[in-house]
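# Summary of structural features
Letter by letter, the chains look like this.
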Number of protein chains: 2
Amino acid sequence: MADPMAIADRLQAILGPSGLVPGPELAQRPAFPPYSCGSPLLVRPASTAELSAVLALCHETRTPVVVHGGRTGLVGGCTSGPGDLVVSTERLTAMAPVDVTGRTLEAGAGVTIAAAQAAAEDAGLLLAVDWGARGTATVGGGIATNAGGNQVFRYGMMREQVLGLEAVLADGTILSSMGRVIKNNAGPDPRQILIGSEGCFGVITRAVLRLRPRMPQRSTALVALQRFDCVPRLLDRLESGMDGRLTSFEAMWRGFHAPAARILARPPVDPQSPFVVLCEASGSDEAELSARMEGVLADLLGSGDISDAVIAGSERERADFWAIRDNVGVLFQLPNATLFDVSLPIAAMADYTADLEQSVRAAFGEVPFMLFGHLADQNLHIAFALPDDLASTHHRAEALVYDPLSRIPGASMSAEHGIGLLKRPWLGRTRTPEEIAIMRRLKAALDPAGILNPGLVVAQDVADGS
Amino acid sequence: MADPMAIADRLQAILGPSGLVPGPELAQRPAFPPYSCGSPLLVRPASTAELSAVLALCHETRTPVVVHGGRTGLVGGCTSGPGDLVVSTERLTAMAPVDVTGRTLEAGAGVTIAAAQAAAEDAGLLLAVDWGARGTATVGGGIATNAGGNQVFRYGMMREQVLGLEAVLADGTILSSMGRVIKNNAGPDPRQILIGSEGCFGVITRAVLRLRPRMPQRSTALVALQRFDCVPRLLDRLESGMDGRLTSFEAMWRGFHAPAARILARPPVDPQSPFVVLCEASGSDEAELSARMEGVLADLLGSGDISDAVIAGSERERADFWAIRDNVGVLFQLPNATLFDVSLPIAAMADYTADLEQSVRAAFGEVPFMLFGHLADQNLHIAFALPDDLASTHHRAEALVYDPLSRIPGASMSAEHGIGLLKRPWLGRTRTPEEIAIMRRLKAALDPAGILNPGLVVAQDVADGS
């Protein structure tokens, strides 16, 4: 593999001086830990053609490339070393006017999710993905990582929003598959290979995103439950009762909800409730939605399935409910907080979480242990504190979380955060050797020189677990 | 490539006598034209392991394989010649009990769509795909072709229903990716490559399908419109007004609706209406749905956007409305009927259809010309009659339909029917050379000996158009 500085002149000839950002400036750029940037050079192409020329050069010279979107990933995917060239999509920010009749938005990879959402909303439509880092995360990064968020069970992951995609393959080939239709069975779908490949199969440059009718009104409830088996019953009853218009079902276990609720002077439901769920439906008529929500919740109060429920009576109350759910600051106050993102069938969740809490306590003592998640997506976030000698305990903590998942049919050790650098050693816990082998076969087919994000996901050395 | 009869003994050793069906019996099996079966031998493995052994043998001996599901495809994908071994999934019919809490159904590739739908319904849930051939088409075939149908804009194609997938690759490798969760970003998703690959990348053996809450009540309307530009306005108003609970939006142009409506003694709306749309919403309360539907339609009658509308007042009336839409018999009564399935942005549809009708008339005279489609999916079905010398006119007809699509950004020459054998020459009309090249690169990576459905989709010889 070649040194990126050895091709700096040729890169400048392609991009001009404003297309290059030198290492010292680059190292100042903020990103979530465990990101670290040791690269001596970032390039920021202003067009797909420029990016194509950059990658063709890297392919020719065997220069390793690390791709940067908004750098808000949680798995260290944008980490670079001194031998890497960083390629950023930050100047690919063109956005075409929304096609209101066709309900599509064409956006460059560098457009932020928030900007894309705003463009859709200005046209009276909805871009139906949303997650916390919306202001920094990009369309390209969201597609490359198949990001999810709060409304996935109703509208799908980023994959389901992508009607068209343009990407540059490792050798500089421009793959343009800019469909604008929901149905497109003209051969196997090359877009699907790139979505969620974390930049290992190609660099996304542009997309046509599907927009939906805007659902301007919401009804939001906070519901307390005493037993976990009542939680899926609540989900089932709400999904049926709200006619599939439920958009959020955010479950919080006491360990998370109790401290998170301290953000409010008066928590809406008892902080000591074993389970609290934030439920939200969206449509065109808040009164109708709330009346239905109330009907379902009254039934469940009557049958004892739920112990308390409050429906937001104002935007202020709704914001308060969400402030609890979004109070992820409590996680980062944990000493040596370690955070996980897994998914497993709801039927297996009670046993898995009880066993995990027990094994964490056995290993690390009475540390704070927090659970919450997008339960309708079977997506569970897990956080706990670790003793101070983090280096020696982190791997042990990971084993406690991931090992049992390999015995739960259909579970995944990464629900929405991806694999990146951080989770590579554990991929084999819920992927078979054949699945990993096929990922590598595809990598070899699409990036034969192995220049794109060479350390991530399918790296040959570690993905079989340890 | 080897002759399948040369390995008949070894196949029988793997499968036993009941696993083999000889050519003469095989030739009697019904399937849609242009299917033809020249194969001397069909094998029907009873398990994934048997199928794996069969494919490993075919890979070793370079025996071409044609895969059979329900043989209801419309593009000749199950056509075989004397040198092909046919592999059928018809004995892979195991179905696990529905996981009601997890809302999943595990089914073998040979289970019919109707049987899978019935299993879901028995559990109080919905398998949210449906199309005409449901009684014969299979789960495996539906996934292999990424089938669509009537409810795609609400629930997605077959791709969106697949949570888990098991397949056998060309060399006999069993790829088991039997997830049971909506969110699974543990590396690039190998399932996505197989879905919609028409059996060219692997043979699907089993799947975990996502189920949804059942929406037991429906409101159904038949709406007449005078101008095409009012059709997307109707769609937009209904989607918003029904809170995203619209499940069907089936547009019929006069050329189709007028003859199709003759199936009823008294058509609900004027058969001479230029455009008629069957609109259906589903939820839990028919009265509420119908009241909303009526509100939207009354508004649009007032503004002159629609000229007539009837809401079904009984199951009988609803069935009548659907009988018109499903009266595809009128297509097959056309002399030398030729049928197309394309998709394009709605904004381009009025010009495209007007130009097409004109060019068809110019080429073939005053032949019947029919248009209808799943308009919310941008999916248009086109049918017209051809003069008697079919051989010389069919290619010309295809050119009239497909050539203009290459000039409409984002269009697709196959919306839901796939490519198969029949549409191979036209793939390049809406796929770029780079897209086709990447399909072939993937084919080479997954089936290096090229034994699986060797004549279909990505066959080297013809996909660049003619």
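As a starting point, this report considers the structure included with it. (Residues numbered from 1 in each chain as written. Chains lettered and ligands numbered in written order. Predicted model: local features only at pLDDT ≥ 70, side-chain atom pairs only at ≥ 80, totals over all residues. Heavy atoms only, no water.)

The next point concerns the interface of chain B and chain A. Accessible area lost upon the coming together of the parts is a frequently used measure of interface size. Listed as interface residues are 90 residues of chain B and, on the opposing side, 90 residues of chain A. When the two sides are added together, the surface that chain B and chain A hide from each other amounts to roughly 6900 Å², 55% of it contributed by carbon and sulfur. Taken as a group, Lys183(B), Asn185(B) and Pro188(B) account for 13% of the area that chain B buries against chain A, more than any other trio of residues on that side. The interface formed by chain B and chain A contains 14 salt bridges. A salt bridge links Asp243(B) to Arg245(A), with the shortest nitrogen-to-oxygen separation between them at 2.6 Å. One can count 52 residue pairs in polar contact (both at pLDDT 80 or more) joining chain B with chain A. (Contact = heavy atoms within 4.5 Å. Buried area = accessible area lost by both parts, 1.4 Å probe. Salt bridge = Lys/Arg side-chain N within 4 Å of Asp/Glu carboxyl O. Polar contact = N/O pair within 3.5 Å; in protein donor to acceptor, adjacent residues only side chain to side chain.)

Take the sheet that holds strand 14 (residues 308-311) of chain B next. All names here are of chain B. Pairing is antiparallel across the open sheet formed by seven strands, whose spatial order is 14-11-13-12-16-17-15. Both outer strands of the open sheet, strand 14 and strand 15 (338-343), are each paired with one neighbouring strand and no more. Mean inter-strand twist for the sheet, computed between neighbouring axes without regard to direction, equals 15 degrees. The sheet contact formed by strand 11 (residues 217-225) and strand 13 (residues 275-283) spans nine bridges and is antiparallel. Considered in strand 13, the bridge of Leu 222 is made with Leu 278. Of the strands in this sheet, strand 11, strand 12 (246-253) and strand 13 touch helix 9 (residues 230-241), which is tilted by about 170 degrees from strand 12. Taken strand by strand, helix 15 (residues 390-402) contacts strand 15 and strand 17 (379-384), and its axis lies near 20 degrees from that of strand 15. (Pairing = 2+ DSSP bridges. Helix = DSSP H or I, 4+ residues; strand = E, 2+ residues; numbered from the N terminus. Axes fitted to C-alpha atoms, helices over the stretch in contact; angles between N-to-C directions.)

Another aspect to go through is the sheet that holds strand 4 (residues 85-88) of chain B. Residue and element names in this part refer to chain B. Read from one edge to the other, the open sheet built from four strands follows the order 1-2-4-3, with strand pairing classed as mixed. The sheet terminates laterally at strand 1 (20-22) and strand 3 (65-68), the two strands that pair on one side only. Averaged over all pairs of adjacent strands, the angle between their axes in this sheet comes to 25 degrees, without regard to strand direction. As defined by bridge partners, strand 2 (residues 41-43) adjoins strand 4 across three bridges and the pair is classed as parallel. Paired with Leu 41 across the two strands is Leu 85, which belongs to strand 4. Those strands touched by helix 3 (residues 48-61) are strand 2, strand 3 and strand 4, and its axis lies near 160 degrees from that of strand 4.

As enumerated under the stated definition, the model contains three cavities of 30 Å³ or more in all. In this structure, the largest cavity occupies an estimated 630 Å³ of space. Taken together, 45 residues line the largest cavity, and the ones lying closest to its centre are Arg159(A), Glu160(A), Gly156(B), Arg159(B) and Glu160(B). Among the elements of the structure, helix 6 (152-155), helix 7 (158-161), strand 7 (162-168) and helix 8 (190-194) of chain A together with helix 6 (152-155), helix 7 (158-161), strand 7 (162-168) and helix 8 (190-194) of chain B are those that each provide at least two residues to the lining of the largest cavity. For the lining of the largest cavity, the per-class residue count stands at 18 nonpolar, 12 polar and 15 charged. (1 Å grid on protein atoms, 1.4 Å probe; cavity = no way out; pocket = protein on both sides within 12 Å on 5 of 7 lines; lining within 4 Å. Points joined across faces, edges and corners; volume = space filled by probe spheres on them. Nonpolar A, V, L, I, M, F, W, Y, C, P; charged D, E, K, R; others polar.)

Right, let's talk about the pattern of salt bridges for a bit. One pass over the structure, following the stated rule, counts 66 salt bridges over all chains. Here Arg218(A) ties to Glu315(A) by a salt bridge, and the two come within 3.9 Å at their closest N and O atoms. With Arg218(A) in strand 11 (residues 217-225) and Glu315(A) in helix 12 (residues 315-325), this residue pair connects regions lying 97 residues apart in the sequence. For Arg218(A), a relative accessible area of 32% gives the class partly exposed. Notably, a salt bridge pairs Asp229(B) with Arg233(B), separated by 3.7 Å at the nearest N-O pair. According to the relative accessible area criterion, Asp229(B) is partly exposed, its value standing at 37%. (Buried < 20%, exposed > 50% of the residue type's maximum accessible area, 1.4 Å probe, protein only.)

Another aspect to go through is the packing of aromatic side chains. All names here are of chain A. All chains considered together, the criterion is met by 18 aromatic pairs over all chains. Relative to Phe 384, the ring of Phe 369 has its centre 5.9 Å away and its plane inclined at 20 degrees; by these criteria the two rings are stacked. Here Phe 369, found in strand 16 (residues 369-374), pairs with Phe 384, found in strand 17 (residues 379-384); they are 15 residues apart in sequence, far enough to count as distant. Neither residue differs from the other here; Phe 369 and Phe 384 are each classed as buried. (Phe/Tyr/Trp six-rings, centres within 6.5 Å; stacked < 30°, edge-to-face > 60°.)

Functional significance is not addressed by these values, which are geometric in nature.
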